[in-house]
Amino acid sequence: MGHVPLTDHQPRMPRRTSRARRAALVVVGSLLLTLVTACDRDEPTPTTSAYANQTPAGPEVPQPAPNASPTIAASPPTGEQTPTTMSGAITVKGRFSTVTGTVDKATLTAYAKMADTAVAEVSKRWKRTWPRKVTIIAPADATTFRDQVGRADDLSQVAAITDGPIGASGLATGDRVVLNPDAFAKLTPAGRQFVITHESTHVAVRSSLSGAAPLWLVEGFADHVGYAGSGRPRAELAAPLLAKVAERTGPTRLPTQGDFDPSQGEIGPTYLAAWLAVDLIARRHGEEALQRFYAASRDPNSPALADAAMDKAFVAVLGTTRAAFTKQWLAELSQLAAPK
Ligand SMILES: [Zn+2]
């Protein structure tokens, strides 16, 4: 993996209690922002990068919180990770969502609507049984956001963090999606919807499938669901990646965990690469096979074992190999990047 050990690398402790929590987060991609100086400021531009971790962090093991950024990874979860209450918070209930926060009620209502849309989108593509409910926390300021997620490190790149207790079955039992108010202030409405749908995908998967899958599959799948409703062409959504491919600085293999680490370079294109790989599986083999592939590409003990499981799943589920698939995916990237 060539990456600092995250929780994924730790031997799995017996899950003692619901205190074991894990986090997933969305990193703000530049195209997701409302670009003040850009010409396309009014366009819905849902492009982001994101990270989810499938492994609970036992509170008895002091270790970095898993995420996509080294600054964030350097910060271990503190204390019991019990969500703190927000003074003055109000709650708005949607059909499939509960949104609690200190932002104004109209904003909470808008988020509830987005979460309802997200649950519907996710349910179209994730067929395992999950509660089909999303809980959103919407703090009005950065301090409250930090209190909620129990972090003191630089979260400026992070649009949202999903965390929650892990039950004895290895499934998340009470995930919450905590929105970063500073990041959300910069997002377009489409970008906000994208983030909420992406995170809701993690909520669905984490509550219905235990164990860790390779990160490119976890993030690529969440993007796959997040982009599904965008109605925008792949080449447009993946432009930052395709620019690299055109310059011959694009990927040469499926993204590794280290590729999601911003200290090792730009991570936006990595998420797009993961997304297009997942998208290719869905188009070639269908949504159902994609889900079977996801389910088969897991291991409760380590990312390395999950990677080995994925190698087998390429053969057993998709009737191909990692090498052959990688070749097809890279060929498609070149094709998408080629001048028309
Ligand atoms: Zn994610």
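See the structure above.
Structural notes, computed from the coordinates. All values derive from a computational prediction rather than experimental measurement.

### Regarding the overall build of the protein chain
No. 1: If you tally the helices and strands in the protein chain, you get twelve helices and seven strands.
No. 2: Here the protein chain holds 340 residues, and the buried ones make up 54% of them.
No. 3: If you take every contact in the protein chain between residues at least 6 apart in sequence, the share linking residues at least 24 apart comes to 73%.

### Focus: the coordination of the zinc ion
No. 1: Listed as protein donors to the zinc ion are His198 (NE2), His202 (NE2) and Glu219 (OE); their distances from the metal cover 1.9 to 2.2 Å.
No. 2: Along the chain, the residues donating to the zinc ion fall in the pattern H-x3-H-x16-E. Taken together, the positions of His198 in helix α5 (residues 189–206) and Glu219 in helix α6 (residues 215–228) put the pair 21 residues apart, joining distant regions of the chain.

### A closer look at helix α3 (residues 142–149)
No. 1: Among the residues of α3, Thr144, Phe145, Gln148 and Val149 are the ones counted as buried. Each buried residue of α3 lies within a common arc of 125° when the element is viewed along its axis, so the set occupies one face.
No. 2: On its buried face, α3 is in contact with β5 (134–138), β6 (158–165), β7 (176–179) and α4 (181–186).
No. 3: Residue Asp141 occupies the N-cap position of α3, its side-chain oxygen lying 3.1 Å from the main-chain nitrogen of Thr143.
No. 4: A positive phi of about 65° marks Gly150, the residue just after α3.

### Concerning the nonpolar core
No. 1: Residues Trp126, Leu179, Ile196, Trp216, Phe293, Tyr294 and Trp329 are the most contacted members of the largest nonpolar core, which totals 71 residues.
No. 2: With sequence-adjacent residues up to four places away left out, Ile196 is seen in contact with Tyr111, Met114, Ala115, Ala118, Ile136, Leu179 and Phe184.
No. 3: Core analysis: the next-biggest nonpolar cluster, separate from the first, contains eight residues, Phe145, Leu155, Val158 and Val178 among them.

### Overview of the packing of aromatic side chains
No. 1: Inspection of the entire model under this criterion finds nine aromatic pairs.
No. 2: A ring pair is formed by Phe260 and Tyr271, whose centres lie 4.8 Å apart and whose planes are at 80°; its orientation type is edge-to-face. Residue Phe260 is found in the loop between α8 (239–246) and α9 (268–285), and its partner Tyr271 is found in helix α9; the two are separated by eleven residues along the sequence.
No. 3: You can call Phe260 buried: its relative accessible area is 1%.

### Regarding the packing of α5 against α6
A pair of packed helices is characterised by two quantities: the angle between their axes and the separation of those axes.
No. 1: One way to put it is that α5 packs onto α6 with a least axis distance of 8 Å and a crossing angle of 130°. Looking at the two axes, α5 sits oblique to α6. As α5 runs across α6, the sense of the crossing is right-handed. Contact residues: Phe194, Thr197, His198, Thr201, His202 and Val205 in α5; Val218, Glu219, Phe221, Ala222, Asp223, Val225, Gly226 and Tyr227 in α6.

### Section: the pairing of strand β4 (residues 97–101)
No. 1: Burial within β4 is extensive, with five of its five residues counted as buried.
No. 2: Linking two consecutive strands that pair antiparallel, namely strand β3 (residues 90–93) and β4, is a turn of three residues.
No. 3: Bridging between β4 and β5 involves five bridges; their strand directions are parallel. When the sheet's bridge partners are listed, Thr100 is paired in β5 with Ile137.
No. 4: After leaving β4, the chain enters helix α2 (residues 105–125) and then returns to the sheet as β5, a path that is left-handed.

### Quick look at unusual backbone geometry
No. 1: Look at Arg132: it is not a glycine, yet its phi comes out positive at around 55°.
No. 2: Relative to the assigned elements, Arg132 resides in the loop between α2 and β5.
No. 3: The exposure class of Arg132 is partly exposed, given its relative accessible area of 37%.
No. 4: Its identity as a non-glycine residue notwithstanding, Arg248 has a phi of 65°, on the positive side.
No. 5: Mapped onto the secondary structure, Arg248 falls in the loop between α8 and α9.

### Structural notes on the pairing of β3
No. 1: Of the pairings in the sheet, the one linking β3 to β4 comprises four bridges and is antiparallel in character. Within β4, the residue paired with Val92 across the bridge is Val99.

### Observations concerning helix α10 (residues 287–296)
No. 1: Among the residues of α10, those classed as buried are Ala289, Leu290, Gln291, Phe293, Tyr294 and Ala295.
No. 2: The inward-facing, buried residues of α10 abut α2, α5, α6, α9 and α11 (303–316).

### Some points on the pattern of salt bridges
Side-chain pairs of opposite charge can arise whenever the charged atoms involved come near each other.
No. 1: A complete count under the given rule lists 13 salt bridges for this structure.
No. 2: Here Arg253 makes a salt bridge to Asp259, at a shortest N to O gap of 2.6 Å.
No. 3: Classification of Arg253 by relative accessible area gives partly exposed; the value is 40%.
No. 4: Through salt bridges with shared partners, a single network forms among Arg234, Asp279, Arg283 and Glu332.

Cut-offs applied
- Every chain begins its residue count from 1, and numbering advances along the sequence as written.
- In view of the model being predicted, local features appear only for residues whose pLDDT reaches at least 70, and side-chain atom pairs are presented and counted only at 80 or more, with totals across whole chains, interfaces and linings using the full set of residues.
- Hydrogens and waters are ignored; side-chain quantities use all the structure's heavy atoms.
- Strands here mean DSSP runs of E at least two residues long; helices mean DSSP runs of H or I at least four residues long; both are numbered from the N terminus.
- For the exposure calls, accessible area comes from a 1.4 Å probe over protein chains only, and a residue counts as buried if that area is under 20% of its type's maximum, exposed if over 50%, partly exposed in between.
- Contacts are assigned to residue pairs that have any heavy atoms within 4.5 Å of one another.
- As a rule, N, O and S atoms within 2.8 Å of a metal are its donors, except that Na, K and Ca use 3.2 Å; water is not among the atoms, so sites may look incomplete.
- The arc in question is the one spanned by the directions pointing from the helix axis to the C-beta atoms.
- Polar contacts, as used here, are pairs of N or O atoms within 3.5 Å; protein pairs need one atom able to donate a hydrogen and one able to accept it. Residues neighboring in sequence count only if both atoms are side-chain atoms.
- Among the buried residues, those of types Ala, Val, Leu, Ile, Met, Phe, Trp, Tyr and Cys that are joined through side-chain atoms within 4.5 Å form a nonpolar core.
- Working definition: rings of Phe, Tyr and Trp (its six-membered ring) pair if their centres are within 6.5 Å, and the pair is stacked with planes under 30 degrees apart, edge-to-face with planes over 60 apart, and tilted otherwise.
- What counts as an axis is a line fitted to C-alpha atoms, over the stretch in contact for a helix, and the angles between N-to-C directions run from 0 to 180 degrees.
- To sort the angles, those under 35 degrees are grouped as roughly parallel, those over 145 as roughly antiparallel, those from 65 to 115 as roughly perpendicular, and the leftovers as oblique.
- Rotating anticlockwise by less than a right angle from the far helix to the near helix defines a left-handed crossing, while the corresponding clockwise rotation defines a right-handed one.
- Pairs of strands are assigned from DSSP output, requiring at least two bridges between the strands.
- Here a crossover is taken to be right-handed if, once the strands point away from the viewer, the path from the first strand over the helix to the second is traced clockwise.
- When a carboxyl oxygen of Asp or Glu lies within 4 Å of a side-chain nitrogen of Lys or Arg, that pair is called a salt bridge.

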